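Structural characterization, general
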Amino acid sequence: QALQQLVGINTIMYYSTPILRQAFFSGAVSEEERAFVIWLSAPVACGQLVGCIVGMLLIDRVGRRPLVLSSLALCALSLALQGANFWVDHTYCGGELGGADDDALPPSGGGTGGCGAEGGGASGGGVEELPPL
């Protein structure tokens, strides 16, 4: 439980809709695009469900310690790649890690990386008040 809190998976799951919206759209988002992004967040939640089921099936065969260590290594790799993405956006694309008008993510993150169409990362509106799926 402590490792889940430290790596921030709950935050990523809660903010998956705004993260996906910023990844696909910049500026104002229509209702149709908003619905599309909400449907895109469903596979994120399904991926977590699949991971839990696989973990339950493997825990008796592999053991708790190897499962936790491999999960922690994959999570660290994922967070390192996400951090590298934010660094590239900030360093090479002029992103401001959240943008001036972006309140969709916590203060520690925001840019989409890969230099958006406008060259400064994507920025969007407010947070959809949706619980994780």
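Going along each chain's sequence as written, the residues are numbered from 1 onward. For a predicted model such as this one, the threshold for reporting local features is a pLDDT of at least 70, and the threshold for listing and counting side-chain atom pairs is 80 or more; totals across whole chains, interfaces and linings nevertheless cover every residue. To get the side-chain values, take all heavy atoms of the structure and skip hydrogens and water.

**Focus on the overall build of the protein**
The condition that has to hold: Helix and strand definitions follow DSSP, with helices as H or I runs of at least four residues and strands as E runs of at least two, each counted in order from the N terminus. Three exposure classes are used, based on accessible area relative to the maximum for each residue type with a 1.4 Å probe and protein chains only: buried under 20%, partly exposed in between, and exposed over 50%. Contact between two residues is taken to exist if any of their heavy atoms lie within 4.5 Å; hydrogens are not considered.
A count of helical and extended segments in the protein gives 5 helices and 0 strands. Of the regular secondary structure in the protein, the N- to C-terminal order runs α-α-α-α-α. Counting over 133 residues, the protein shows a buried share of 26%. At a minimum sequence separation of 6, the contacts of the protein that also span at least 24 residues come to 61%.

**Overview of the packing of aromatic side chains**
Worth spelling out the cut-off: Two rings from Phe, Tyr or Trp (for Trp, the six-membered ring) form a pair when their centres are within 6.5 Å of each other. A pair whose planes differ by under 30 degrees is stacked, one over 60 is edge-to-face, and the rest are tilted.
By the definition in use, this model includes 2 aromatic pairs. Ring centres of Tyr14 and Tyr15 lie 5.0 Å apart, and the angle between their planes is 85°; on these two criteria the pair is classed as edge-to-face. For the pair Trp87 and Tyr92, a centre-to-centre distance of 5.6 Å together with 90° between the ring planes defines the contact as edge-to-face. For Tyr92, a relative accessible area of 60% puts it in the exposed group.

**Details of the pattern of salt bridges**
Quick reminder of the rule: Salt bridges are counted wherever a side-chain nitrogen of Lys or Arg sits within 4 Å of a carboxyl oxygen of Asp or Glu.
One pass over the full model with this rule turns up 1 salt bridge. Arg34 serves as the salt-bridge partner of Glu31, at 3.9 Å between the closest nitrogen and oxygen. Taken together, the positions of Glu31 and Arg34, both in helix H4 (residues 31–62) and 3 residues apart, correspond to about one turn of that helix. Given a relative accessible area of 61%, Glu31 falls into the exposed group.

**Re the packing of H4 against helix H5 (residues 64–92)**
Spelled out, the test is: All axes here are fitted lines through C-alpha atoms, helices being fitted over the stretch that makes contact, and every angle between N-to-C directions spans 0 to 180 degrees. When an angle is under 35 degrees it counts as roughly parallel; over 145 it counts as roughly antiparallel; between 65 and 115 it counts as roughly perpendicular; any other value is oblique. The classification used treats Ala, Val, Leu, Ile, Met, Phe, Trp, Tyr, Cys and Pro as nonpolar, Asp, Glu, Lys and Arg as charged, and all other residues, Gly among them, as polar.
Following both chains from N to C, one finds H4 and H5 inclined at 130°, their axes separated by 7 Å at the closest point. Considering the angle they form, H4 stands oblique to H5. Here Gly55, Leu58, Ile59 and Val62 of H4 lie close against H5, whose contacting residues are Arg64, Pro66 and Leu67. A per-class count over the contact of H4 with H5 returns 5 nonpolar, 1 polar and 1 charged.

**Focus: the confidence of the model for the protein**
Do not read the predicted coordinates in detail wherever pLDDT is low. Put simply, the rule is: Values of pLDDT, the confidence the predictor places in each residue, fall between 0 and 100.
Confidence in the prediction of the protein, expressed as mean pLDDT, is 73, and 69% of residues score 70 or more. No element of the protein has a lower mean pLDDT than helix H1 (residues 2–7), which averages 72, and none a higher one than H4, which averages 88. The low-confidence segment residues 97–113, where pLDDT is below 50, has 43 contacts with residues more than four positions distant or belonging to other chains.

**Considering the packing of helix H3 (residues 16–24) against H4**
Basically, it comes down to this: Note on convention: the crossing is left-handed when the near helix lies turned anticlockwise from the far helix by less than a right angle, right-handed when the turn is clockwise.
The contact between H3 and H4 brings their axes to 9 Å, and the two run at 120°. With respect to H4, the element H3 is oriented oblique. Considering the relative orientation of H3 and H4, their crossing is right-handed. The segment H3 lies against H4, with Ser16, Thr17, Leu20, Arg21 and Phe24 engaging Val37, Ile38, Leu40, Ser41 and Val44. Along the lines of polarity and charge, the residues of the contact of H3 with H4 split into 6 nonpolar, 3 polar and 1 charged.

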